[in-house]
Amino acid sequence: MSMPSERPFNPSPLATFYVANATSASAAAVLSDDAEQVVLYNSSSTAIAYFTCRNINLTTDTGPTAVVPTTANPGIGAFPVPPGAQIRITVGYGHKKFSVIASAADGNLYITPGKGN
């Protein structure tokens, strides 16, 4: 029985950047077309960071706005990154933009685009 092969995560060279955790959503920013996955690291010890990313048709298209889920809208929100956590997610190939928001203005959300698992 052969096991499915997984490619190890390969970060884009010199590509890690960060967005300061803030309680207002960051403006949508472009993520590299060839980045299929991102590693997210939340340096805060208290704030939950929320990340959202969406494919777009053109780099001039508006991107998503990160939203903190609330009790009024529990099913709506961006992907949570707990304090001190590192998470890898798939964002897809092609034009895309992302946005970030946090539960408190504490720490940074580090974003490392790349390819692989």
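An account of the accompanying structure is given in this report. Because the structure is a prediction, the values reported are computed rather than measured. (Residues numbered from 1 in each chain as written. Predicted model: local features only at pLDDT ≥ 70, side-chain atom pairs only at ≥ 80, totals over all residues. Heavy atoms only, no water.)

Quick look at the nonpolar core
The following threshold applies: Residues grouped as a nonpolar core are buried Ala, Val, Leu, Ile, Met, Phe, Trp, Tyr and Cys residues, joined through side-chain atoms within 4.5 Å. Summary of the burial criterion: residues with accessible area below 20% of their type's maximum are buried, those above 50% are exposed, and those between are partly exposed, where the area comes from a 1.4 Å probe applied to protein chains only. Under the DSSP-based scheme used, a helix requires at least four consecutive residues in state H or I and a strand at least two consecutive residues in state E, with every element numbered from the N terminus.
Judged by nonpolar contacts, the single largest core of 14 residues is most densely connected at V38, L40, F51, F98, V100, L109 and I111. Of all the elements in the fold, those that place two or more residues in this core are strand 4 (37-42), strand 5 (49-55), strand 8 (96-102) and strand 9 (108-115).

Some points on the packing of aromatic side chains
Rule in force here: Pairing of aromatic rings covers Phe, Tyr and the six-membered ring of Trp, with a centre-to-centre limit of 6.5 Å; geometry is then stacked below 30 degrees between planes, edge-to-face above 60, and tilted otherwise.
In this structure the tally under the stated criterion is four aromatic pairs. A centroid spacing of 5.4 Å and a plane angle of 45 degrees characterise the contact between Y18 and Y110, whose relative ring orientation is tilted. On the criterion of sequence distance, the pair formed by Y18 in strand 2 (residues 17-20) and Y110 in strand 9 is long-range, its members being 92 residues apart. Looking at Y110, the relative accessible area reads 29%, which means it is partly exposed.

Some words on the sheet that holds strand 6 (residues 79-81)
Formally: Whether two strands pair comes down to DSSP finding at least two bridges between them. With axes taken as lines fitted to C-alpha atoms, and helix axes fitted only over the stretch in contact, angles between N-to-C directions fall between 0 and 180 degrees.
Read from one edge to the other, the open sheet built from four strands follows the order 3-8-5-6, with strand pairing classed as antiparallel. Both edges of this open sheet fall to strand 3 (29-31) and strand 6, since each of them pairs with a single strand only. Strand-to-strand, the axes of this sheet are offset by a mean angle of 35 degrees, without reference to chain direction. Bridging between strand 3 and strand 8 involves three bridges; their strand directions are antiparallel. In the sheet register, L31 faces strand 8, and the bridge partner there is K96.

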